[in-house]
Structures are given as C-alpha cells and as structure tokens.
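So you can see what is in the structure, the chains are spelled out below.
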Amino acid sequence: MKSVLEPVKKERFNLLDYDRKGLAAFFVALGEKPFRATQLLKWIYQEGVSDFDLMTNLSKPLRAYLKENCYLATPEIVVEQIASDGTCKWALQTSCGNRIETVFIPEEGRGTLCVSSQIGCALACTFCSTAQQGFNRNLKTSEIIGQVIVAQNRLGDTKKITNVVMMGMGEPLLNFDNVVAAMNLMMDDFTFGLSKRRVTISTSGVVPAMYRLTEVCDVSLAVSLHAVRDDLRDELVPINKKYPLKELMEACRDNAKIAPRRTVTFEYVMLDGINDSMEDARGLVKLLKTVPAKLNLIPFNPFPNNAYRCSSKEAINRFKMFLNDAGIVTTVRKTRGEDIDAACGQLVGQVDDKSRRHLKLKLVGSESAA
Ligand code: SAH
C-alpha cells in the first residue's frame, strides 16, 4: 500500500502561502494531526528556522516529505531607501522577477508597515500613481506575509512592527483569499500576534467583497471615499459606477455591526478645487453621520503626468475644523517619506512595467499617427 507521505510528483509549494487553518488542512490530508500546523508556525516565525531537517518535533518521514515537496521562501529586498524622517521603503523582488513595494513608518510608540496586495492595480483611480501602471497580478499569501517577515528581519529587534495597513499597491479586496490568509497569519498568536485593531484593510469600495470580509475576517476597515457625490466619485474612483455611494455606505454599516464600538475610517484625498469646498464638507457630515466613522484627510501627493493639485493648508484646516465641529473625528494624515517617494499614492512598482507601459504608449502613438 502507498504511504500517505509518499512524495507526489508535482511542483513543490511554498508553505508560507497557508495560514494556520490552511496548514492544518494540509497536514490532515497527509494523515497527520492538525497541531502540526502550530508546530510548523512556531519553527518559522518564532525560531526563524526554515530548514525542515531542523524541525525536530516533526517525525523523520514528515520532515523528508516536506523537504521533497515543499519550501519556505519570501521575496528579497533589492532596494532600500531611508527618508530623513526615518521612513523606510523597500523594493522586494519575487522569484518571478516582479517588484513589490513596502513602506515602514516609525512613529512615537508604534511602527506601521504599509503592505502591498497586488502588482499594479486595475482600478484606475485618477489621482493614484499605482493606477497609471495598470494591473499586473495578484500577490500570493507568501508575498504578502513575506513583506512583514522581511521588513521585521531587516528592522531588527529595536524597531517593532506594531501595525499593518493594507494600503500599499493594489486593491486588497480584489485579491481576497490571499489577503485574508495573510492577515490571519499576521494576527496569529504563533506568528506576529498583531491585534485585530492594528491590522487595517483599505478598500476603494468593492462592496460584495466588503460583506464577505465582514463575515470571515475581523480587522479594521478603511474606505477610500474621496467624494460625497456619485458624479464626482464616478470620476475619481471609477469602481463607484459599479458600487455607488448608497451601496458603499450600507456595506460600511454592515461592517460596523460586528464591532459596535469600532469605527470605520474614511480616507479623503484633498484635491484643490475638486472635492474641498464647504459644500463637500457639509456633504461629508451628512454621509458620515450614518455610520460610526472617523475621517482621515490625505493631502494629495502629486506625481508626474497628473493635473491635480493638493488643496491649500488653509483649505485642509478649514475642512478639518468644520468636520470636527460637526462631531466627526477628523485627522490630517502626515505626509511621510516624501523625499524617497514613499508617501501615499506614490508606490509605482517595478521598472519593467514602466518600460512596458512606455512601449505600449509608443504603439498607441504610432497607431493614431497612421
Ligand atoms: N486600493 C486601496 C488601497 C490603496 S492606497 C484603496 O483604494 O483604499 C491607500 C490610500 O491612498 C487610498 O485611500 C488611496 O486613495 C490614497 N491615494 C492614492 N493616491 C494618492 C495620492 N496621489 N495622494 C494621496 N493619497 C493617495
């Protein structure tokens, strides 16, 4: 009879692509006990061991099976930039040559890692530089949790990652399963043990996926609102045409139900003359009164080939004061890592993509010239 542990003749797979539940199912399928998952996680995340031979509480045949069929690998740091304010930006390279960008933002009493979920983005928000490169592919779970592993290793013991925001490149809810598995891993007691209040997923408003998220994963939610009227939001965040404001706000209320004392954070990029009038501020009050909300105003970060300008400091302050006076807790996001292009909306991804985009543009140009 064949042993369950007999090597299967197929591609080896990365065990960092599984959260604890996924690993337990994997071990059970091998005829092992589910607690092997916890043992494996402890070796990887607590002992820093990636050599299966050294995992001495796993049986010898199991170790041999893992060695033959599995591996453990994260992307690697290929570029590191450190800004004058201490913000670090890394370009990580995946095994297939793609580049992922990750940013660490040190603050008094905490350290936030801004993690990417996709290479590029399909959503075409008009004020976002990631949108300009189009969509390349979803990141695997190992490439998402790998950003946390690699960053923490690089930062060492003195700078701890206490918070993770899924606010790097990509729309996390369009890479649902991999992002949820990676967030489960970050919050696992046997890995980084981050509290669910310290893991935030930011979405442009993929409404069906927001409902699914509320069902399966209790993390903090941030929503990129940016406009209070459908006509303007259709333009700035085109996914609004599919899931307009009314549906978006309903999904936010649904999410707020699972954690009654928790608020949904709304992000609002401040664009001069576009969405920063007092009428917009009044619209925001009206909209945000319908859900337990906090508001985060983001000064627009300009980038090449983009016509928007950031609202003036005065306009941003006026906006903020109006909203705070109306009872909506409102903060202005500090721009960090500006001198290394690590600020919000400045993660542009891999060089190859840009050259491809250039090629494509040239082709379009020659077609229209013909
Ligand atoms: N796709 C997710 C995560 C994106 S990045 C989302 O849309 O929420 C996180 C935040 O940065 C979003 O609110 C996004 O709208 C904002 N952002 C993008 N480009 C920006 C820019 N140039 N200036 C300021 N904020 C920007």
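No experiment lies behind these values; they were computed from the predicted model shown. (Residues numbered from 1 in each chain as written. Predicted model: local features only at pLDDT ≥ 70, side-chain atom pairs only at ≥ 80, totals over all residues. Heavy atoms only, no water.)

J.: Would you take a moment to explain the overall build of the protein chain for this structure?
T.: In terms of helices and strands, the protein chain carries 12 helices and 14 strands. Expected size for 370 residues packed as a compact globule is a radius of gyration near 21 Å; at 22 Å, the protein chain falls within 12% of this value. Across the 370 residues that make up the protein chain, the buried fraction comes to 52%. Contacts spanning at least 24 positions in sequence make up 66% of the contacts within the protein chain whose residues lie at least 6 apart. Counting every atom, the protein chain has about 18,000 Å² of accessible surface; 52% of that belongs to carbon and sulfur. Both charge centroids of the protein chain, one from 49 positive and one from 43 negative side chains, sit 3 Å from each other. (Helix = DSSP H or I, 4+ residues; strand = E, 2+ residues; numbered from the N terminus. Rg over C-alpha atoms; globule rule 2.2 N^0.38 Å. Buried < 20%, exposed > 50% of the residue type's maximum accessible area, 1.4 Å probe, protein only. Contact = heavy atoms within 4.5 Å. Areas by Shrake-Rupley, 256 points an atom, 1.4 Å probe, with all protein chains shown as cover. Lys, Arg positive; Asp, Glu negative; His and termini not counted. Charge placed at Lys NZ, Arg CZ, Asp CG, Glu CD.)

J.: Help me understand the domain arrangement of the protein chain in this model?
T.: A common measure of how large an interface is: the accessible area buried when the components associate. Domain boundaries assigned for the protein chain yield domain 1 (13–71) and domain 2 (76–347). Here domain 1 and domain 2 have C-alpha centroids that lie 33 Å from each other. Opposite the 11 residues of domain 1 that make contact, domain 2 presents 13 residues. For the pairing of domain 1 and domain 2, the buried interface totals around 1,100 Å² over both sides, and the portion due to carbon and sulfur atoms is 61%. Taken as a group, Asp17, Asp19 and Tyr45 account for 49% of the area that domain 1 buries against domain 2, more than any other trio of residues on that side. Summed over the shared surface of domain 1 and domain 2, the result is 1 salt bridge. Salt-bridge contacts for Arg20 lead to Asp188; the nearest nitrogen and oxygen are separated by 2.8 Å. Viewed at the interface, domain 2 and domain 1 are joined by 4 residue pairs in polar contact (both at pLDDT 80 or more). The element contributing the most residues to the side of domain 1 that touches domain 2 is helix α2 (residues 36–46), with 5 residues. In the side of domain 1 that touches domain 2, the residues fall into 4 nonpolar, 3 polar and 4 charged. (Domains from an automatic or database assignment. Buried area = accessible area lost by both parts, 1.4 Å probe. Salt bridge = Lys/Arg side-chain N within 4 Å of Asp/Glu carboxyl O. Polar contact = N/O pair within 3.5 Å; in protein donor to acceptor, adjacent residues only side chain to side chain. Nonpolar A, V, L, I, M, F, W, Y, C, P; charged D, E, K, R; others polar.)

J.: Sorry, what's going on with the pattern of salt bridges here?
T.: Any two side chains of opposite charge can pair, so long as their charged atoms come close to each other. By the definition in use, this model includes 17 salt bridges. For Glu32, the salt bridge goes to Arg36, with nearest N and O atoms at 2.9 Å. Using a relative accessible area of 14% as the deciding quantity, one classes Arg36 as buried. The residue Asp272 makes a salt bridge to Arg309 at a minimum N-O spacing of 3.3 Å. Note that Asp272 is positioned in the loop between β12 (264–270) and α10 (278–288) and Arg309 in the loop between β13 (293–299) and α11 (313–325), a separation of 37 residues in sequence. Residue classification places Asp272 among the partly exposed positions, given a relative accessible area of 28%. Judged by its relative accessible area of 56%, Arg309 falls in the exposed class. Where salt bridges share partners, they join Lys196, Asp218 and Arg262 into one cluster.

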